[in-house]
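# Observations on the model geometry
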Amino acid sequence: MIEFRNLWKNYDDNVVLENLSAQVGSGEFITLVGTSGCGKSTFLKLLLGTEVTSRGSILLDGRPIADEPGPDRGIVFQKYSVFPHLTVRENVALGREFECGPIFGRVFGSARKAILAEADHWLESVGLTPARHRYPHELSGGMQQRLAIAQALIKQPRLLLLDEPFGALDPGIRKDMHQLVLSLWGQHKLTVFMVTHDLSEGFYLGTRLWVFDKCRMDPQAPERFGSTITFDLPVGKTDRQSLDKIKESLARSAQIPVAV
Amino acid sequence: MKRLINRQPSSVTRAFLGILPLVLALLVYQWGSTVRKAENPQDKLLPGFVEIHDAMERMALTPSKRTGELLMWEDTKSSLKRLVSGVAIAAAIGLTVGLLTGAIPLFGASLTPVITVISLIPPMALLPILFIVFGIGEVSKVVLIVIGVAPFLIRDLYQRTCELPREQLVKSMTLGANSGQIIFRVLLPQILPRLFASVRLSLGAAWLFLIASEAVASTDGLGYRIFLVRRYMSMDVILPYVAWITLLAFLIDCLLQQGSKRLFPWYHAAK
Ligand SMILES: Nc1ncnc2c1ncn2[C@@H]1O[C@H](COP(=O)(O)OP(=O)(O)O)[C@@H](O)[C@H]1O
Ligand SMILES: [Mg+2]
């Protein structure tokens with residue numbers, strides 16, 4: 001479904017991603033890990049369409065992916081994913097309202113009722129029904145992220161992109177959230193790319209684990225070489241040994257300062 | 001004993017401490033007035049409270065001999081009308097232009113330099129031009145307020161629009177929104193509370209331009225009145241007028257603050 005062909009991304013002289021190639025099928029759940037600054041967010045931005053590749057291409061169903069974000073790709077950021085001026089329910093309904101109210105993005109009457117009912121359904125599936133009339137600032141961090149997920153899912157995107165969505169949450173809550181994402185992925189046949197900064201947590205999640213790292217390293221000029229996928233493991237076959245191997249290799253590259 | 005920086009006043013003490021300087025100022029005034037009157041009973045510089053009271057009764061409660069109007073209320077009405085229309089027009093311009101330049105880079109590129117230049121023109125220097133173009137009626141006074149305040153509002157709201165997290169725009173696009181929908185549903189509602197805040201900040205300037213233009217050419221208004229009675233050294237009118245203007249400014253500010261809290265609870269709670 002998605003194909004990355006010899007993809008390069010650099011900001012001026014700073015090579016972030018180099019020669020990355022991969023294929024991803026529909027319904028896969030890919031977990032991305034790597035040291036901070038190695039280009040995971042950049043990779044998601046390329047998928048999302050807020051950045052364009054410097055060389056190479058990304059094909060979605062054989063065609064180059066749109067260079068502007070659209071409703072086929074949902075996103076959850078670590079922060080600022082929900083709208084502070086809308087209640088929980090309105091936040092979820094917004095995606096449908098954009099569809100039905102072409103100029104002002106507002107709908108009224110029975111059409112609005114139907115949209116709100118649909119929003120309630122999605123809120124139910126992320127466990128936010130009791131909070132649906134609250135504003136985001138009245139929610140905990142975990143609840144805000146649940147909201148952001150429901151908000152993205154109402155559009156039933158082909159790809160769901162999650163950039164360290166639970167990085168700011170407590171470990172216990174993070175576990176619950178991982179569970180939630182997994183079950184939603186199972187129920188709705190989503191294709192998910194999720195960046196996580198915690199290797200041991202990401203390790204058992206989803207169907208496939210990608211480790212981003214640099215193959216070549218220039219200690220004097222770390223920006224000369226970019227990261228690529230150094231490990232691509234099906235999660236079913238993951239074991240203690242490969243986890244240790246990845247940990248070791250990441251620790252090695254983390255000791256060399258990464259370009260800022 | 002706690003450190004000084006850790007000692008919090010109780011609510012009663014706080015109220016008392018807040019009123020204290022005002023009471024002291026009044027006492028000092030009273031004392032100064034008494035001393036001067038003892039020297040020269042005709043002294044006009046520091047009128048006593050009785051004189052001020054009489055002057056107010058004349059201005060606010062007794063119909064004018066010439067026009068039959070209660071002058072102070074007429075002045076207040078005229079001035080507020082000018083101030084409110086000027087500020088409202090400036091706010092509408094500030095909101096529209098600030099939002100559009102912030103939201104649409106193509107607009108921003110062509111308008112921001114012009115707005116920067118306009119905001120550098122001292123508005124008072126334009127007053128003669130306004131009098132020539134619009135005459136000395138209401139329009140020129142309102143326009144002065146608009147010219148004086150709008151550039152600040154535009155630049156401030158432009159800034160506020162640009163400051164909204166980029167993530168929100170991306171998120172809206174992934175929800176399928178077009179540019180217009182993003183402006184109406186995402187940017188505008190979040191900029192409105194910031195408009196209230198900017199307007200509150202610009203009210204001081206608005207009053208300045210109002211009083212200045214009334215002082216130069218007018219036949220009524222609070223500014224007109226204090227500059228008129230200055231010729232007779234009527235401090236007994238000027239001082240309470242100044243206090244009244246201050247009170248009005250304070251009330252308008254409170255009104256905007258409360259209105260914003262009522263309308264945008266999410267904005268004030270989240271800060
Ligand atoms: N807009 C940008 N302009 C220049 N450099 C950037 C930009 N965005 C990211 N980078 C650089 O790209 C590298 C990877 O960043 P990022 O993808 O955010 O890493 P992470 O893996 O931590 O998400 C960093 O060195 C960062 O400095
Ligand atoms: Mg990142």
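Thresholds applied
Residues numbered from 1 in each chain as written. Chains lettered and ligands numbered in written order. Predicted model: local features only at pLDDT ≥ 70, side-chain atom pairs only at ≥ 80, totals over all residues. Heavy atoms only, no water. Axes fitted to C-alpha atoms, helices over the stretch in contact; angles between N-to-C directions. Helix = DSSP H or I, 4+ residues; strand = E, 2+ residues; numbered from the N terminus. Parallel < 35°, antiparallel > 145°, perpendicular 65-115°, else oblique. Left-handed = near helix turned anticlockwise from the far one by under 90°. Contact = heavy atoms within 4.5 Å. Nonpolar A, V, L, I, M, F, W, Y, C, P; charged D, E, K, R; others polar. Salt bridge = Lys/Arg side-chain N within 4 Å of Asp/Glu carboxyl O. UniProt positions renumbered as here; feature names shortened; annotations may be inferred. Near = heavy atom within 4 Å. Polar contact = N/O pair within 3.5 Å; in protein donor to acceptor, adjacent residues only side chain to side chain. Areas by Shrake-Rupley, 256 points an atom, 1.4 Å probe, with all protein chains shown as cover.

### Some words on the packing of helix α8 (residues 179-216) of chain B against helix α9 (residues 222-229) of chain B
All names here are of chain B. Running from N to C, α8 and α9 cross one another at 50 degrees; their axes reach a closest spacing of 7 Å. As the angle between them shows, α8 and α9 are arranged oblique. For the crossing formed where α8 meets α9, the hand is right-handed. Facing Trp207, Ile211, Glu214 and Ala215 of α8, the residues of α9 in contact are Leu222, Gly223, Tyr224 and Phe227. Of the residues that constitute the contact of α8 with α9, the class distribution is six nonpolar, one polar and one charged.

### Overview of the pattern of salt bridges
Where charged atoms from two side chains of opposite charge come close, those side chains can pair. A full pass over the atoms with the stated rule returns 23 salt bridges over all chains. Here A:Glu99 ties to A:Arg96 by a salt bridge, and the two come within 2.7 Å at their closest N and O atoms. Taken together, the positions of A:Glu99 and A:Arg96, both in helix α2 (residues 88-100) and three residues apart, correspond to about one turn of that helix. Between B:Arg36 and B:Asp43 there is a salt bridge, and its shortest N-O distance comes to 3.0 Å. Each of A:Arg96, A:Glu99, A:Glu118 and A:Lys155 takes part in one network of salt bridges that share partners.

### A word on the UniProt feature "transmembrane region" (unreviewed entry) in chain B
Within this structure's numbering, the places UniProt gives as "transmembrane region" (unreviewed entry) are residues 12-32, 83-107, 114-136, 195-217 and 237-256 of chain B. For the annotated span residues 237-256 of chain B, helix accounts for 100% and strand for 0% of the residues, and the straight-line distance between the end C-alpha atoms is 29 Å.

### Some words on the site of ligand 1
Residue and element names in this part refer to chain A. Neighbouring ligand 1 are twelve residues; Gly37, Gly39, Lys40, Ser41 and Thr42 lie closest to it. A distance of 2.9 Å separates an oxygen atom of ligand 1 from a polar backbone atom of glycine 39. Considering ligand 1 on its own, with 560 Å² of exposed area, one finds that the protein chains cover 68% of that surface. Going through the elements one at a time, β2 (14-24) and α1 (40-48) are the ones with two or more residues in the shell around ligand 1. In terms of residues, the shell around ligand 1 owes the most to one element, α1, which gives three residues. Each residue belonging to the shell around ligand 1 can be placed in one class, and the counts come to five nonpolar, six polar and one charged.

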